[in-house]
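Spelled out from the first residue to the last, the chains are:
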Amino acid sequence: MAYKTICLDYDGTIHDSIQIYYKAFLKAFDYLVQQGYQAPKDWTKDEVKRFLGQNPPEMWASFKPALPEAVIVVVSKMIGEAMRDSILNHEGVLFDGSLDTLAYLKEKGYTLVYLSNSKNYYMEINKNEFRLDRYFDLFVSSEMYGYIPKKDILAKLKDTLPQPILMVGDRIHDMESGHANQIDTVACLYGYGNDEEFKGSTYQIHDIKQLKTLL
């Protein structure tokens, strides 16, 4: 199919964000333990990866016992500030070939949309750090839409975008966004999702550079 718009998730699709998220998460979890809200736990990177791609309210809602709203605000801010500092210290890492692939897609004339379950500030500092505005025509964070599900954000956007649209991502939110909107999907197997999340995807890739072959 001759796609015209490519919507790309960011963390786990373009940005290998576990490299900075893991350290930030452990700092916030230590705070929860010290304050008596959680029992001590040795988190592996694989366990922490599952939070990537979720929006903040969804992520914290999975913790048992439930965390008070005021505490969620504190730990969310801790993670955000730690990740911000890491990116500003140039510790952020993109998957190999990400920028070359975006440049290729841009040169081919696709409309590129950054579509992430993130906060606005996070989107902005990554945009600045990696000069992503060289490639993307539109930047969309879930905070801009009050953290509604990504599929609902795409439903609101799709009629404003050149069609057909292709959704590229590494988590179930990305696949659901495509399925719910009758949009083809690319599952990024190198990211943070699992096989169960990729059921029904139109295409599957093991490296972001494979988008050059696909498109």
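Our structure's up above, just so we're on the same page.
The text that follows walks through the structure, step by step, so that each part is easy to find. Bear in mind that the values here come from a model prediction, so they are computed numbers and not experimental data.

**Looking at helix α1 (residues 18-34)**
Here is step 1 of the chain: A rise of 1.5 Å per residue sets the reference length of α1, with its 17 residues, at 24 Å; its end C-alpha atoms lie 24 Å apart and thus fit the reference within 8%.
Here is step 2 of the chain: All buried positions along α1 are accounted for by Ile18, Ile20, Tyr21, Ala24, Phe25, Ala28, Phe29 and Leu32. One face of α1 carries all of its buried residues, which in axial projection span an arc of 155°.
Here is step 3 of the chain: Buried-residue contacts for α1 involve α2 (45-49), α3 (56-61) and α4 (69-88).
Here is step 4 of the chain: Gly36 sits one or two residues past α1 and shows a positive phi near 85°.

**What about the packing of aromatic side chains?**
Here is step 1 of the chain: Counted by the stated rule, this structure contains 19 aromatic pairs.
Here is step 2 of the chain: Taken together, the ring pairs in this structure connect Tyr21, Phe25, Phe29, Trp43, Phe51, Trp60 and Phe63 into an aromatic cluster.
Here is step 3 of the chain: The lysine or arginine in question, Lys41, covers the ring of Trp43, its NZ or CZ lying 4.7 Å from the ring centre.
Here is step 4 of the chain: Over the face of the ring belonging to Phe139 we find Lys127, whose NZ or CZ atom lies 4.4 Å from the ring centre.

**What to know about the side chain of Asn126**
Here is step 1 of the chain: Residue position: Asn126 is located in helix α6 (residues 120-130).
Here is step 2 of the chain: Excluding its chain neighbours within four sequence positions, the residues that come into contact with Asn126 are Tyr10, His15, Ile87, Arg131 and Leu132.

**Some points on the nonpolar core**
Here is step 1 of the chain: Counting 54 residues, the largest nonpolar core has Tyr21, Phe25 and Phe136 as the members making the most contacts within it.
Here is step 2 of the chain: Setting aside residues no more than four positions away along its own chain, Tyr21 makes contact with Val48, Phe51, Leu52, Met59, Ile79 and Met83.
Here is step 3 of the chain: In terms of nonpolar packing, the next biggest core, distinct from the first, is built from eleven residues, Leu115, Leu157, Leu161 and Ile183 among them.

**Side note on the pattern of salt bridges**
Here is step 1 of the chain: On inspection of all chains with the given rule, the structure shows 13 salt bridges.
Here is step 2 of the chain: With its nearest N and O atoms 2.8 Å apart, the salt bridge here joins Asp137 to Lys106. Of the two residues, Asp137 is situated in the loop between α6 and β3 (138-141) and Lys106 in helix α5 (residues 98-107); the sequence distance between them amounts to 31 residues.
Here is step 3 of the chain: Asp137 gets classed as partly exposed once you look at its relative accessible area, which sits at 44%.
Here is step 4 of the chain: When salt bridges with common partners are traced through the structure, they connect Asp9, Lys150 and Asp174 into a single cluster.

Conventions adopted
Residues numbered from 1 in each chain as written. Predicted model: local features only at pLDDT ≥ 70, side-chain atom pairs only at ≥ 80, totals over all residues. Heavy atoms only, no water. Helix = DSSP H or I, 4+ residues; strand = E, 2+ residues; numbered from the N terminus. Expected span 1.5 Å × (residues − 1). Buried < 20%, exposed > 50% of the residue type's maximum accessible area, 1.4 Å probe, protein only. Arc of directions from axis to C-beta. Contact = heavy atoms within 4.5 Å. Phe/Tyr/Trp six-rings, centres within 6.5 Å; stacked < 30°, edge-to-face > 60°. Lys NZ or Arg CZ within 6 Å of the ring centre and 35° of its normal. Core = buried A, V, L, I, M, F, W, Y, C linked by side-chain atoms within 4.5 Å. Salt bridge = Lys/Arg side-chain N within 4 Å of Asp/Glu carboxyl O.

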